[in-house]
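# Summary of the model geometry
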Amino acid sequence: MSVFFGGAAFADAGKDLYNKTCAVCHAAGIAGAPRFGNAADWQPRLAGGTARLYASALKGTAKGMPAKGGNLTASDGDVKAAVDFMLASVKKTASASPAKPAAAPAAAPVAAAPKAAAAPAAMAAAPVAAAVAPVAKIDATANTSGASAADINSFNRLLKPIGKRNPPPAEDGIHDPANDGTLVLMAPLAAYGPLPKSLAGNRVNWVKAIDEKKINPRWDRQDANAAPVVIDLNIVREVKGSMPDVVYPHKQHTEWLDCSNCHPAIFVPQKGANAISMAAILLGEKCGVCHGKVAFPVSECRLCHSKKKEFRPAQATAPATK
Ligand code: HEC
Ligand code: HEC
Ligand code: HEC
Ligand code: HEC
């Protein structure tokens, strides 16, 4: 992908804030965030003009963009500069010219203070960062070729051919190759070498890696001693038909994630209260908010469909599932 890094086109403040706050989600497209440098992701959002995008960045959106990316101490000017920085990354390829960055004063109608309603999303931001940052899991969604929005959730998006897996940071389409910091990062192939293997995603079994204490993800960016609240609660979801039932394990999730990453935005915390289907998951909803993006992909049926069906008399004549 040829990302446009025309240094003079935006203030450094925008780039700095992007790297510090926005990249966590916008580099890899966490939770559906439009990806840096990916014109297809941004194209549909350009219609309302730059002022609308500034407003979304400042106030947040109902679909998961936290106000100011969760960094409420950032100045409005820097947040707008970060938007400009992201727009510049797609300027070259976007057919409709997105922005007139000089038109900042025209964005005046941006409302004063973000309302409290944006708070839960903002609060969720930190744990997400803690969950994905320490182990560079975002490499799982590395998008090396400016792929289109259509393949975001395609079935085997993370089943990359050998040789295209885990490229060096400067070539992964996530990190800025012009940033000196990128060169300091350890290459994923070297970093992942000693970790337990899996057959999909970025080929690391992250659950085992934590169990075996091969990695020690930092829970809080500020507080090195903060520890997650792990609960060991399995939820079994019966599946009609021949597929084994789904066991949703809280333990493996709460080792990485905060309750607020899922409750209540993705799942109401009540067994059976959420309608979940494979179709929704493949569209990037429900379990698919993460699986296929920052967690193992949907191709690994047996990791979720792990519970053999109990013998139910109605099925007495059906062949047993293995
Ligand atoms: C915790 C994840 C997260 C962080 C951090 C984050 N974003 Fe977002 N952002 C999202 C998501 C998810 C969307 C898509 C939401 C939507 O469609 O309304 C989004 C969408 C946007 C959009 C497009 C909004 C629209 O209305 O089309 C802009 C602009 C944006 N983000 C700017 C920023 C800036 C600037 C920062 C850093 C200061 C930032 N984001 C940090 C998750 C994040
Ligand atoms: C990765 C997403 C995720 C995270 C993180 C998560 N949960 Fe859940 N939780 C679920 C799902 C999925 C269900 C089942 C919902 C259903 O069956 O419709 C659930 C159900 C529950 C239930 C209902 C149990 C019952 O028997 O009715 C409680 C209580 C709960 N979660 C508490 C928590 C707490 C406390 C945390 C943090 C320590 C947490 N959850 C973290 C996904 C999550
Ligand atoms: C907010 C993100 C998120 C959501 C939503 C989510 N997961 Fe996960 N899941 C993870 C992460 C992160 C891991 C650990 C890393 C990995 O295994 O790739 C994980 C691990 C798992 C594991 C453990 C596999 C093992 O090897 O022990 C199972 C099973 C699983 N998820 C099933 C589900 C199901 C079923 C749902 C929906 C009901 C769901 N997950 C929703 C992020 C999520
Ligand atoms: C990330 C976890 C996860 C993975 C991986 C996964 N499933 Fe599912 N699957 C679910 C959940 C959750 C449901 C909904 C169960 C329910 O009805 O509550 C489901 C439901 C189903 C159903 C019932 C019909 C439907 O669409 O809801 C079928 C069939 C199915 N899955 C097949 C598969 C196959 C085949 C694979 C592998 C290619 C697969 N699943 C991989 C979590 C997963």
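Structure's up top.
This text gives an overview of the structure that appears in the document. Keep in mind it's a predicted model, so treat the numbers as computed, not measured. (Residues numbered from 1 in each chain as written. Chains lettered and ligands numbered in written order. Predicted model: local features only at pLDDT ≥ 70, side-chain atom pairs only at ≥ 80, totals over all residues. Heavy atoms only, no water.)

Attention now moves to the site of ligand 2. Around ligand 2, the surrounding shell holds 20 residues, and the nearest of these are His 250, Cys 259, Cys 262, His 263 and Asn 274. The separation between an oxygen atom of ligand 2 and a polar main-chain atom of Gln 270 is 3.3 Å. Within the backbone of Gly 272, a nitrogen or oxygen atom sits 2.7 Å from an oxygen atom of ligand 2. The element contributing the most residues to the shell around ligand 2 is helix H9 (residues 250–254), with 3 residues. (Near = heavy atom within 4 Å. Polar contact = N/O pair within 3.5 Å; in protein donor to acceptor, adjacent residues only side chain to side chain. Helix = DSSP H or I, 4+ residues; strand = E, 2+ residues; numbered from the N terminus.)

Another point: helix H4 (residues 76–91). Helix length check: H4 (16 residues) gives 22 Å between terminal C-alpha atoms against 22 Å at 1.5 Å per residue, within 8%. Here H4 lies mainly inside the structure; 12 of its 16 residues are buried. Among the residues making up H4, those that are buried are Val 79, Lys 80, Ala 81, Ala 82, Val 83, Asp 84, Phe 85, Met 86, Leu 87, Ala 88, Ser 89 and Val 90. (Expected span 1.5 Å × (residues − 1). Buried < 20%, exposed > 50% of the residue type's maximum accessible area, 1.4 Å probe, protein only.)

With that out of the way, let us pick up the packing of helix H3 (residues 49–59) against H4. The interhelical angle for the contact between H3 and H4, taken along N-to-C directions, is 125 degrees, at an axis separation of 9 Å. In terms of orientation, H3 and H4 fall into the oblique class. As H3 runs across H4, the sense of the crossing is right-handed. Across the interface between the two elements, Thr 50, Leu 53, Tyr 54, Ala 57 and Leu 58 from H3 touch Asp 76, Val 79, Lys 80, Val 83, Asp 84 and Leu 87 from H4. The class makeup of the residues in the contact of H3 with H4 is 7 nonpolar, 1 polar and 3 charged. (Axes fitted to C-alpha atoms, helices over the stretch in contact; angles between N-to-C directions. Parallel < 35°, antiparallel > 145°, perpendicular 65-115°, else oblique. Left-handed = near helix turned anticlockwise from the far one by under 90°. Contact = heavy atoms within 4.5 Å. Nonpolar A, V, L, I, M, F, W, Y, C, P; charged D, E, K, R; others polar.)

Right, let's talk about the environment of Asn 234 for a bit. One can find Asn 234 in strand E1 (residues 234–237). Note: C-alpha distance between Asn 234 and Gln 252 (18 residues apart in sequence) is 9.9 Å. If sequence neighbours within four positions are ignored, Asn 234 has contacts with Val 247, Tyr 248, Pro 249 and His 250.

For the iron atom of ligand 4, every protein donor is listed as Met 278 (SD) and His 305 (NE2), and the spread of their distances is 2.0 to 2.2 Å. The coordination sphere of the iron atom of ligand 4 comprises 6 donor atoms, whose angles at the metal cover 84 to 178 degrees; the geometry is octahedral. Note that Met 278 is positioned in helix H11 (residues 278–282) and His 305 in the segment after helix H12 (301–304), a separation of 27 residues in sequence. Residue Met 278 is classed as partly exposed on the basis of its relative accessible area of 40%. (Donors = N, O, S within 2.8 Å, 3.2 Å for Na, K, Ca; no water. Tetrahedral: all angles 85-135°; square planar, octahedral: opposite > 155°, others 65-115°.)

We now examine the packing of aromatic side chains. Per the stated rule, a full pass over the model turns up 5 aromatic pairs. On the numbers, 5.4 Å between centres and 55 degrees between planes, the contact of Tyr 18 with Phe 85 is tilted. Of the two residues, Tyr 18 is situated in helix H1 (residues 12–26) and Phe 85 in helix H4; the sequence distance between them amounts to 67 residues. For the residue pair Tyr 18 and Phe 85, the accessibility class agrees, reading buried in each case. Arranged with centres 5.6 Å apart and planes meeting at 90 degrees, the rings of Tyr 192 and Trp 206 form a pair that is edge-to-face. (Phe/Tyr/Trp six-rings, centres within 6.5 Å; stacked < 30°, edge-to-face > 60°.)

Turning our attention to the packing of H1 against H4. At their nearest, the axes of H1 and H4 sit 8 Å apart, and the two run at 75 degrees to each other. Accordingly, the angle class assigned to the pair H1 and H4 is roughly perpendicular. Together, Ala 13, Gly 14, Lys 15, Leu 17, Tyr 18, Cys 22 and His 26 of H1 and Asp 78, Val 79, Ala 81, Ala 82, Phe 85 and Met 86 of H4 make up the contact between the two elements. When its residues are assigned to classes, the contact of H1 with H4 shows 9 nonpolar, 2 polar and 2 charged.

In short, shape yes, function no, at least from these values alone.
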